[in-house]
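Summary of the model geometry
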Number of protein chains: 2
Amino acid sequence: MNIKELGGEFQFINRIKKKSKNKNVIVDIGDDCAVTEYNEDSYHLYTTDMLVEGDHFSLDYFSPYQIGIKVMESNTSDIAAMGGKPVYSLISISLKEDTTVEFIDGVYNGINEICERYNFDLIGGDTTHGEKIVISLTLIGQVDKNKLKMRSDAEIGDLIVVSGPLGGSTAGLKLFLNNIDGFDNIKKYHTNPISEIKNLPKILPVAKAMEDVSDGLASEIRNICKMSKVGAKIFREKIPLNKGIKKSSSLLDDDPYDYALFGGEDFKLVYTVNKKDRHKIYGTVVGEIINGEKILLDGKELKNYGYDHFS
Amino acid sequence: MNIKELGGEFQFINRIKKKSKNKNVIVDIGDDCAVTEYNEDSYHLYTTDMLVEGDHFSLDYFSPYQIGIKVMESNTSDIAAMGGKPVYSLISISLKEDTTVEFIDGVYNGINEICERYNFDLIGGDTTHGEKIVISLTLIGQVDKNKLKMRSDAEIGDLIVVSGPLGGSTAGLKLFLNNIDGFDNIKKYHTNPISEIKNLPKILPVAKAMEDVSDGLASEIRNICKMSKVGAKIFREKIPLNKGIKKSSSLLDDDPYDYALFGGEDFKLVYTVNKKDRHKIYGTVVGEIINGEKILLDGKELKNYGYDHFS
């Protein structure tokens, strides 16, 4: 049986998951980050991502600088999803023999810009070569114990909130893939994503279960529901969309809400909030946590979810 | 200018190195691991490696289990080189669409075996797909502050010691590459390496500067000398060789000492020892630290060093 037949990435992670024996491991595989004891007041967070040329970024429309930005922000987003801030990073890169030094310097300019944006360090790495550029980043973060957010803390009656507009990354990708000129502001949603690290102070005081929108809103809400053993009802037209994507999606006969629901890589946060905190919400309410295990989109059960590398 | 012209991996790492601003970063890029403050008594160690199919392992002669073993032991070796023990690991893997579940289970059996061998946990990971199998491992270790070993602590007059026999990994690789049957014990040096974690208690009490032999003994001694601002004299015939490789290398008209000096991936430790501790040495003396910056092999300056991914 090959990976495709097994049914996708999520199942595969479950397959390899083993319960940690170390009592310092608070959360292992299954959330945005692993969580370990650090000191009396805080935990360490660990996340790792591998980006492959042609899959996660294309050299046709990503500048080296933008590749650096994207690899870093997609990982800071996982740290944000747990309520933390990045502290250290390690980067491994596989280069092609004809990769230029200018290319590398561009990638590292992007990486260093994000290190400075959030004030953390690149402390190690490995360089090798292959037939495609592959970048693997490990990010170590830190979170106050009382601020840790997990996927498993949603409760029936909670409101479901997204921290900002969605769909832009997929809108940009579609424009690139269809060779449509212009729309530079929309293409930037795809090439220059920004995680929610800086908005955390406005989100953390009311957030219960939380996750970042890396695989599409539908998929993230499903993850929260699975881990919290609840269901959800969400409403398509309540989802805030990035500016301009209604226009660009109509050119391609696409539904921009599909970009938000099933596209991914927007790196906003989706989180649940107790109704009594409704007035303190940062973002937009898109639905509510309900009893059961179904995800209802406009009252109809959702069967298909976000982008999955092997489905 | 491309990477090849720039002159190899070592220079490239220097190129991207930036001094960390965080006072908790004790050592950043440039040693086997990055070192950060952990608690009053100990540091955290961080190392990452990327292994690419066809370069670091071949599916022609590596079983999936052996790939798992190799990716883990090559990284535990970096932790050992700093005097520490592994605590947590994160693994990212790029699979091909036709990769079988049996293959993955084999890789993870190898990985889990090493986690059990040294009693540490796999706490996170990422799965994606590409045209080649690429595995990136990040290992987090811990070391008592008074046991930390760095490359930069060699002093003139120190003896240079290797902790065990060398050359076996390259001997095995050459047998595979030349399609020579038999010699299974030698091939295992290449496919089933074992790092020196378990021998550390015998090495740490006398070791000063230390590094693991991942790129060939000559290259490792050069690194120690560069970081310690000293030279070295070493002697070819003092180098201990793995059993049987004189015979296998003669079949291929190779010098087995070249395997040890320039081959790499033996994952033994090379370290320096004050002469007064000569009687406490675990391993074999292969030379001595001298004034200057030259590395002398049998009295002649060495100009070419170990395997380098881009030279």
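Please read these numbers as outputs of a predicted model, since none were measured by experiment.

**Here's the deal with the overall build of chain A**
- Helix and strand counts for chain A come out as ten helices and 13 strands.
- Over its C-alpha trace chain A gives a radius of gyration of 19 Å, about what one expects of a compact globule, namely 19 Å for 311 residues.
- For the C-alpha atoms alone, the extent of chain A along its principal axes is close to 55 × 55 × 45 Å.
- Counting every position in chain A, which comprises 311 residues, the buried fraction comes to 57%.
- Partitioning the intrachain contacts of chain A with sequence separation of at least 6 by distance along the chain shows that 83% fall at a separation of at least 24.

**Notes on the domain arrangement of chain A**
All names here are of chain A.
- Per the domain assignment, the segments of chain A are domain 1 (3-147) and domain 2 (151-301).
- Ranked by residues supplied to the side of domain 1 that touches domain 2, first place goes to helix H3 (residues 64-81) with ten residues.
- In the side of domain 1 that touches domain 2, the residues fall into six nonpolar, five polar and seven charged.

**Concerning the packing of helix H3 (residues 64-81) of chain B against helix H4 (residues 101-118) of chain B**
Residues and elements named next belong to chain B.
- Where H3 contacts H4, the two axes come as close as 6 Å, and the packing angle between them is 35°. In the crossing of H3 with H4, the sense of the turn from one axis to the other is right-handed. Across from Pro64, Tyr65, Gln66, Ile67, Gly68, Ile69, Met72, Glu73 and Thr76 in H3, the residues of H4 making contact are Phe103, Gly106, Val107, Tyr108, Asn109, Gly110, Ile111, Glu113, Ile114 and Tyr118.
- Split by residue class, the contact of H3 with H4 holds eleven nonpolar, six polar and two charged.

**Things to note about helix H8 (residues 217-228) of chain A**
All names here are of chain A.
- Taking 1.5 Å per residue, twelve residues should reach 16 Å; H8 reaches 16 Å between its end C-alpha atoms and fits that length.
- H8 sits mainly inside the fold: ten of its twelve residues count as buried.
- Residues of H8 that are buried sit in contact with strand S7 (159-162), strand S8 (210-212), strand S9 (231-234), helix H10 (256-263), strand S10 (269-273) and strand S12 (295-297).
- The positive-phi residue at the C-terminal boundary of H8 is Lys229, with phi of around 55°.

**Observations concerning the environment of B:Leu139**
- Looking at the secondary structure, you find B:Leu139 in strand S6 (residues 134-144).
- Considering only alpha carbons, one finds B:Leu139 and B:Val35, 104 residues apart in sequence, at a separation of 12 Å.

**Description of unusual backbone geometry**
Residue and element names in this part refer to chain A.
- Of note, Glu265 is a non-glycine position whose phi angle comes to about 65°, a positive value.
- Looking at the secondary structure, you find Glu265 in the loop between H10 and S10.
- What makes Glu265 buried here is the crowd of 25 C-beta atoms within 10 Å.

**Observations concerning the sheet that holds S8(A)**
All names here are of chain A.
- Read across the open sheet, the seven strands follow the order S8-S10-S7-S11-S9-S12-S13; overall the sheet is mixed. Two strands in the sheet have a free side with no partner beyond their single neighbour: S8 and strand S13 (300-301).
- Two elements, S7 and S10, share four bridges in a ladder whose sense is antiparallel. Considered in S10, the bridge of Leu159 is made with Val273.
- Strand contacts of H3: S8 and S10, with the helix running at about 175° to S8, the strand carrying the most contacts.

**Describing the sheet that holds strand S1 (residues 25-27) of chain A**
Residues and elements named next belong to chain A.
- Read from one edge of the open sheet, six strands run S1-S2-S3-S6-S4-S5, paired in mixed fashion. The outermost strands of the open sheet, each flanked by one partner alone, are S1 and strand S5 (121-129). Strand-to-strand twist in this sheet, taken as the mean axis angle between neighbours without regard to direction, amounts to 20°.
- With nine bridges connecting them, strand S4 (residues 85-95) and strand S6 (residues 134-144) associate as antiparallel partners. Bridging from a neighbouring strand, Ser94 pairs with Val134 of S6.
- The strands touched by H3 within the sheet are strand S3 (42-52), S4 and S6, with S6 carrying the most contacts at an inclination of about 30°.

**With respect to the packing of helix H5 (residues 168-177) of chain A against H10(A)**
Residues and elements named next belong to chain A.
- Between H5 and H10, whose axes approach to 8 Å, the crossing angle comes to 110°. As summarised for this structure, H5 and H10 are arranged roughly perpendicular, according to the angle between their axes. For the pair H5 and H10, the crossing hand works out as right-handed. On H10, the residues that touch Ser169, Thr170 and Ala171 of H5 are Pro256, Tyr259 and Gly263.
- For the contact of H5 with H10, the class distribution of residues is three nonpolar, three polar and no charged.

**Brief notes about H10(A)**
Residues and elements named next belong to chain A.
- Within H10, seven of the eight residues are buried, leaving the element largely enclosed by the surrounding structure.
- Taken together, the buried positions of H10 are Pro256, Tyr257, Tyr259, Ala260, Leu261, Phe262 and Gly263.
- Next to the buried residues of H10 lie H5, H8 and helix H9 (245-251).
- Directly after H10, the chain includes Gly264, whose backbone phi takes a positive value near 95°.

Calculation criteria
- Residues numbered from 1 in each chain as written.
- Chains lettered and ligands numbered in written order.
- Predicted model: local features only at pLDDT ≥ 70, side-chain atom pairs only at ≥ 80, totals over all residues.
- Helix = DSSP H or I, 4+ residues; strand = E, 2+ residues; numbered from the N terminus.
- Rg over C-alpha atoms; globule rule 2.2 N^0.38 Å.
- Buried ≥ 20, exposed ≤ 12 C-beta atoms within 10 Å, placed from the backbone.
- Contact = placed C-beta atoms within 7 Å.
- Domains from an automatic or database assignment.
- Nonpolar A, V, L, I, M, F, W, Y, C, P; charged D, E, K, R; others polar.
- Axes fitted to C-alpha atoms, helices over the stretch in contact; angles between N-to-C directions.
- Left-handed = near helix turned anticlockwise from the far one by under 90°.
- Expected span 1.5 Å × (residues − 1).
- Pairing = 2+ DSSP bridges.
- Parallel < 35°, antiparallel > 145°, perpendicular 65-115°, else oblique.

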